[in-house]
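For reference, the chains in residue letters:
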Amino acid sequence: MAHSITLLPGDGIGPEVTKATRTVIDAAGVDISWDRHRVIGQTAVERGRPALPPDVIDSIKSTGVALKGPITTPVGKGFTSVNVQLRQRLDLYANVRPCITLPGVETPFEDTDLIIFRENTEGLYSGIETYDERLEIADSIARITKRGSERIVRFCFEYAKEHGRERVTLAHKANILKKTSGLFLDIGREVAADYPEIDFDDAIIDALCMNLVMYPEEYDCIVSTNLFGDILSDLTAGLVGGLGITAGANIGNDHAIFEAVHGSAPDIAGQNAANPTALIQSAVMMLEHIGEVAAANAINQAVTEMYREEETLTADMGGEASTSEFAEALADRVSHHTGS
Ligand code: NAI
Ligand code: MG
């Protein structure tokens, strides 16, 4: 039976990388009935609709799973980020961002294999902000809840247990932010006590950043609050070769959205130049999530081979291939593996 999945191509490089990803999924022979919604973000606002149209939410509530391209957010004005709205409205509290060294990708670091677990619904991303015109002071509330902290840390430990990972590091700034980061750390320690088989430690965010660029191979699972997790995951993306290759998933109890870490990359949009690997790897996570493990493995293996042989890579990886050339070469390999 076909899987029903919501498809949000997004804007900027979004439509290009989603098209490439569909080519690869088709080659793996997975039967998917896509419910595609192109009108979202700025495109929706220009048509007098809300940036996050209700039919998008209805679709994801009905399918339970979405594959999503990036959506541009206006800076300092305009609508609230559609990406943030989706995570909050659907309560997708766990943002999972693996950063794993691909063969053939030259970086100053080797053997990085870590996963960032970012709390996705609260903290400084709550968007609870005020500006006092008279005093000319802006405030932002970094709301941390016991429930929100508990579920993300538990999610991280459960994931670690299921995937045979050995260590969880909790990133915080509890020395300064004693209430908010302090609560997150306290709850983290409590949850960690339920998983004696997994090593647990905590690290102050700034020191952790230094250690991550000196000894990335020492880290395994890193769990943090929303803003720290956001920044950390771009840093760790840089350790393994950049935003062109880093995947992500936003997971809640009832729904999940799979999307790359990168944004809409307006500087290269419309040029058939973007690297679709990040969204393809997000789709691999999606296929695992819906139980299509063989297809996920076939795509993963084909990606690894393409990078190992340094064949048909996109410009960000030092190659000359276009988005669609990369996708077609990968699709060929995938159909070879799956025999489809
Ligand atoms: P960005 O990730 O779009 O781009 C940063 C740099 O990385 C650019 O030089 C870009 O060309 C490069 N890059 C990104 N993805 C690439 C790919 N697949 N292949 C090759 N190069 C790639 O970040 P930026 O410029 O800060 O944000 C642009 C817009 O995207 C903003 O409106 C931002 O709000 C939005 N955004 C959306 C996200 C989402 O939909 N989840 C996530 C992050 C940003
Ligand atoms: Mg980000």
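Up top is the structure these notes are about.
Thresholds, definitions, all that
- Residues numbered from 1 in each chain as written.
- Chains lettered and ligands numbered in written order.
- Predicted model: local features only at pLDDT ≥ 70, side-chain atom pairs only at ≥ 80, totals over all residues.
- Heavy atoms only, no water.
- Pairing = 2+ DSSP bridges.
- Helix = DSSP H or I, 4+ residues; strand = E, 2+ residues; numbered from the N terminus.
- Axes fitted to C-alpha atoms, helices over the stretch in contact; angles between N-to-C directions.
- Contact = heavy atoms within 4.5 Å.
- Near = heavy atom within 4 Å.
- Polar contact = N/O pair within 3.5 Å; in protein donor to acceptor, adjacent residues only side chain to side chain.
- Areas by Shrake-Rupley, 256 points an atom, 1.4 Å probe, with all protein chains shown as cover.
- Nonpolar A, V, L, I, M, F, W, Y, C, P; charged D, E, K, R; others polar.
- Core = buried A, V, L, I, M, F, W, Y, C linked by side-chain atoms within 4.5 Å.
- Buried < 20%, exposed > 50% of the residue type's maximum accessible area, 1.4 Å probe, protein only.
- Domains from an automatic or database assignment.
- Expected span 1.5 Å × (residues − 1).
- Salt bridge = Lys/Arg side-chain N within 4 Å of Asp/Glu carboxyl O.

Asker: Report on the sheet that holds strand β4 (residues 94–100), specifying residues and quantitative values.
Answerer: Pairing is mixed in the open sheet, where 10 strands are placed in the order β2-β1-β3-β12-β11-β4-β5-β10-β8-β9. Single-partner strands in this sheet number two, and they are β2 (32–36) and β9 (199–204). For this sheet, the mean inter-axis angle between neighbouring strands, taken without regard to orientation, is 25°. Lying on the sheet, helix α9 (residues 277–289) is in contact with β1 (3–8), β2, β3 (65–68), β4, β11 (249–251) and β12 (256–259); it crosses β12 at an angle near 150°.

Asker: Please provide a residue-by-residue account of the side chain of Thr112, values included.
Answerer: Here Thr112 is to be found in the loop between β4 and β5 (113–119). Leave out the neighbours within four places in its chain, and Thr112 touches Cys99, Ile100, Thr101, Pro216, Leu239 and Val240.

Asker: So, the site of ligand 1: which residues are in play, and what are the values?
Answerer: Near ligand 1, the surroundings consist of 22 residues, among which Ile71, Gly263, Ala265, Asp267 and Asn275 are the closest. With respect to ligand 1, the backbone of Gly263 contributes an N or O atom lying 2.7 Å from an oxygen atom. When the free accessible area of ligand 1 is taken as 820 Å², the share hidden by the protein chains comes to 69%. Split by residue class, the shell around ligand 1 holds 9 nonpolar, 8 polar and 5 charged.

Asker: Outline the nonpolar core, listing residues and values.
Answerer: Residues Leu67, Phe117, Val223, Met286, Ile299, Tyr307 and Leu330 are the most contacted members of the largest nonpolar core, which totals 85 residues. Each of domain 1 (1–105 + 241–340) and domain 2 (108–112 + 121–224 + 234–239) accounts for three or more of the residues forming this core. For Phe117, the contacting residues outside a window of four places in its chain are Asn95, Val96, Ile152, Phe155, Cys156, Tyr159, Cys221, Ile222, Val223 and Ser224. In terms of nonpolar packing, the next biggest core, distinct from the first, is built from 15 residues, Leu8, Ala66, Leu86 and Leu92 among them.

Asker: Before we move on, could you go through the pairing of strand β6 (residues 129–132) and cite the residues and values that matter?
Answerer: As a general feature of sheets, a regular strand has side chains that alternate between the two faces. Where β6 and strand β7 (residues 137–140) come together, 4 bridges link them in antiparallel fashion. Pairing of Thr130 across the sheet is with Asp139, part of β7. Where β6 folds back onto β7 in an antiparallel hairpin, the turn is made up of 4 residues, including Glu136, whose phi is positive at roughly 55°.

Asker: Describe helix α6 (residues 180–192), with residues and values.
Answerer: Along its 13 residues, α6 runs 18 Å from first to last C-alpha, staying within 8% of the 18 Å computed at 1.5 Å per residue. Packed against the buried residues of α6 are α5 (146–162), β8 (167–172), β9, β10 (221–224) and α8 (226–239).

Asker: Tell me about the pattern of salt bridges, residues and numbers included.
Answerer: Counted by the stated rule, this structure contains 17 salt bridges. Across the pair Asp201 and Arg167 runs a salt bridge whose closest N-O atoms are separated by 2.6 Å. In this pair, Asp201 sits in strand β9 while Arg167 sits in strand β8, placing the two residues 34 residues apart along the sequence. For Asp201, a relative accessible area of 25% corresponds to the partly exposed category. Between Glu305 and Arg333 there is a salt bridge, and its shortest N-O distance comes to 2.9 Å. One end of the pair, Glu305, is in helix α10 (residues 293–308); the other, Arg333, is in helix α11 (residues 323–338), and 28 residues separate them in sequence. We note that Glu305, like Arg333, is buried. Each member of the salt-bridge network shares a partner with another, and the members are Glu305, Glu309, Glu311 and Arg333.

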